[in-house]
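Topology and contacts: notes
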Amino acid sequence: MNNTAPLLDVSGLTKRFSVKGRGPKGEKRFVHAVDNVSFTIARGEVVGLVGESGSGKTTIGRTLMRLTDPTAGVIAYEGTDIAHLPAREMMAFRRKIQMVFQDPFASLNPRRKVGQLIAEGMEIHKLGTRQKQDAEVKRLLTLVGLPADAGQRFPHEFSGGQRQRIGIARALAVAPGFIVADEPVSALDVSVQAQVLNLLQDLKEQLGLTILFISHDLAVVEHFCDRVIVLYLGRIMEIAPCHRLYSKPAHPYTEALLSAAPVPDPDRKGDRIVLEGDIPSPIDPPSGCVLRTRCRYALPDCAAVRPELREVAPNHFKACLRDDIL
Ligand SMILES: Nc1ncnc2c1ncn2[C@@H]1O[C@H](COP(=O)(O)OP(=O)(O)O)[C@@H](O)[C@H]1O
Ligand SMILES: [Mg+2]
């Protein structure tokens, strides 16, 4: 295995959902949830995936897990295209990619004890003896900052933040190579959010975890991610190293998102930039650049040409025709 190759190499990922009813010309209609998305993630990297609600973040996460099949595209994990693996071969990969969900309570069976919930993946994938699994559960509980005997209790006996720790322990139990964390702190109070983020940060450093961290909130990923992908209407607008995205955003959409963020930051002065109008329907997205209907920099060309991602600085990509802004 070539260690400089990315762990995950996603290319042209597209997911359309069919919609009931037909369009004005009798044509079939689709929700364009994810449209030709390409990115890589290196081993040990934490990448943020940010965008408004409905921009396709969860759909990307679910297709990476093969919880849903992509319409098109390649998902190369350690060089194997898992987008097209038959179900049987997919089993082996299931263990390597784990998901941490937004609502830890909804994702945990309330009738099973925490220890059983954490051991579930080890049982499914037949990892170690029962005795080894019990010891592993205790180790994992301690690792995520819970008492080692928490395994004897039920999920409802824990707070939201503690349940998210349980969710993280559950994901780690099968020693995955890659974790998709879908809004893991969005349902938590701000102070608890910070604790769970700190835990993930520690685990990242201790275990060298590779994480795709999904959030609708740019402020959440700022201190946690190495790089950030900004998504709008199922398309990537910008990809940049974290510090760079916040200090020198290159895409009008990122600029607007940052200016709307409620953090008082003297380095980010200037007027609040508001995107005009509402987010268009993903059933009938605008031609050319999908942002153009709301973009204060849009030119006539933006309706005709679909902007490709291009590198504007080292490791910094944007999908925007204009060079003379930002
Ligand atoms: N199973 C589905 N059937 C039809 N449309 C869906 C389905 N899942 C998601 N969508 C649509 O796909 C788009 C992207 O959704 P989602 O990936 O959940 O966005 P996000 O996680 O960024 O909020 C939305 O317009 C959503 O309504
Ligand atoms: Mg979502």
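Residues numbered from 1 in each chain as written. Chains lettered and ligands numbered in written order. Predicted model: local features only at pLDDT ≥ 70, side-chain atom pairs only at ≥ 80, totals over all residues. Heavy atoms only, no water.

Our focus in this paragraph is the side chain of lysine 318. Topologically, lysine 318 is positioned in strand β12 (residues 316–318). Although lysine 318 is buried, it makes no salt bridge; aspartate 323 carries the closest opposite charge, 4.9 Å away. A distance of 3.2 Å separates a polar atom in the side chain of lysine 318 from the backbone oxygen of alanine 250. Those residues in contact with lysine 318, other than ones at most four positions away along the chain, are Met237, Glu238, Ala250, His251, Glu308, Leu309, Arg310, Val312 and Ile325. (Helix = DSSP H or I, 4+ residues; strand = E, 2+ residues; numbered from the N terminus. Buried < 20%, exposed > 50% of the residue type's maximum accessible area, 1.4 Å probe, protein only. Lys, Arg positive; Asp, Glu negative; His and termini not counted. Salt bridge = Lys/Arg side-chain N within 4 Å of Asp/Glu carboxyl O. Polar contact = N/O pair within 3.5 Å; in protein donor to acceptor, adjacent residues only side chain to side chain. Contact = heavy atoms within 4.5 Å.)

Let us look at the site of ligand 1. Taken together, Phe17, Val31, Ala33, Glu52, Ser53, Gly54, Ser55, Gly56, Lys57, Thr58, Thr59 and Pro282 make up the full set of residues adjacent to ligand 1. In the environment of ligand 1, an oxygen atom lies 3.1 Å from a nitrogen or oxygen atom belonging to the backbone of glycine 56. Calculation on ligand 1 without its partners gives an accessible area of 560 Å², and the protein chains cover 61% of this total. Of all the elements in the fold, those that place two or more residues in the shell around ligand 1 are β2 (28–41) and α1 (57–64). (Near = heavy atom within 4 Å. Areas by Shrake-Rupley, 256 points an atom, 1.4 Å probe, with all protein chains shown as cover.)

This part is about the layout of surface pockets. One number sums up the size of the largest pocket: a volume of about 480 Å³. For the lining of the largest pocket, the elements supplying multiple residues, two or more each, are α2 (87–96), β6 (97–100), α3 (114–124) and α5 (160–172). Residue classes in the lining of the largest pocket are distributed as 13 nonpolar, six polar and four charged. (1 Å grid on protein atoms, 1.4 Å probe; cavity = no way out; pocket = protein on both sides within 12 Å on 5 of 7 lines; lining within 4 Å. Points joined across faces, edges and corners; volume = space filled by probe spheres on them. Nonpolar A, V, L, I, M, F, W, Y, C, P; charged D, E, K, R; others polar.)

The subject of this paragraph is the pairing of strand β8 (residues 211–215). Of all the five residues making up β8, five are buried; the element is thus mostly covered by neighbouring parts of the structure. What you see with β8 is no split at all: Ile211, Phe213 and Ser215 on one side and Leu212 and Ile214 on the other are buried throughout. Pairing analysis gives five bridges linking strand β3 (residues 46–50) to β8, with the strands arranged parallel. Of the residues in β8, the one forming a bridge with leucine 49 is isoleucine 214. Examined bridge by bridge, strand β7 (residues 178–182) and β8 share four bridges and lie parallel to one another. Among the inter-strand pairings, isoleucine 179 is bridged to a residue of β8, identified as isoleucine 211. This β-α-β element, β7 to helix α6 (residues 190–207) to β8, shows right-handed connectivity. (Pairing = 2+ DSSP bridges. Right-handed = clockwise from strand over helix to strand, strands pointing away.)

Moving on to the pattern of salt bridges. What the rule picks out here adds up to 16 salt bridges. Residue glutamate 78 is joined to lysine 96 by a salt bridge in which the shortest nitrogen-to-oxygen separation is 3.5 Å. Of this pair, glutamate 78 sits in the loop between β4 (72–77) and β5 (80–81) while lysine 96 sits in helix α2, placing them 18 residues apart in sequence. Given the relative accessible area of 28%, lysine 96 is considered partly exposed. Connected via shared salt-bridge partners are Asp35, Arg235 and Arg306.

Glancing now at the domain arrangement of the protein chain. Segmenting the protein chain into domains produces domain 1 (43–65 + 87–225) and domain 2 (239–326). Computed from C-alpha atoms alone, the centre-to-centre distance between domain 1 and domain 2 is 31 Å. At the junction of the two partners, domain 1 supplies six residues and domain 2 supplies nine residues. Here domain 1 and domain 2 share an interface that buries about 790 Å² over both sides, 62% of which is from carbon and sulfur atoms. Contact with domain 2 buries surface across domain 1, with Glu52, Leu218 and Glu222 losing the most and accounting together for 70% of the total. For the pair domain 1 and domain 2, the interface holds one salt bridge. (Domains from an automatic or database assignment. Buried area = accessible area lost by both parts, 1.4 Å probe.)

Another aspect to go through is the packing of α3 against helix α4 (residues 130–143). Interhelical geometry of α3 versus α4 gives an angle of 120 degrees and a closest axis separation of 10 Å. Along this stretch, α3 crosses α4, giving a crossing that reads as right-handed. Counted together, Val114, Gly115, Ile118, Ala119, Met122 and Glu123 of α3 and Gln133, Glu136, Val137, Leu140 and Leu141 of α4 form the full contact between these two elements. Here the residues of the contact of α3 with α4 sort into seven nonpolar, two polar and two charged. (Axes fitted to C-alpha atoms, helices over the stretch in contact; angles between N-to-C directions. Left-handed = near helix turned anticlockwise from the far one by under 90°.)

Further remarks concern the packing of α3 against α5. At a closest axis distance of 7 Å, the pairing of α3 and α5 adopts a crossing angle of 30 degrees. For the element pair α3 / α5, the angle class is roughly parallel. Handedness of the α3/α5 crossing: right-handed. Across from Val114, Leu117, Ile118 and Glu120 in α3, the residues of α5 making contact are Ile166, Ala169 and Arg170. (Parallel < 35°, antiparallel > 145°, perpendicular 65-115°, else oblique.)

It is worth spelling out the sheet that holds β5 at this point. With antiparallel pairing, four strands are arranged side by side in an open sheet as β2-β1-β4-β5. Both edges of this open sheet fall to β2 and β5, since each of them pairs with a single strand only. Relative to β2, strand β1 (residues 8–22) runs antiparallel, the two sharing 10 bridges. Following the sheet pairing, serine 18 is matched in β2 by phenylalanine 30.

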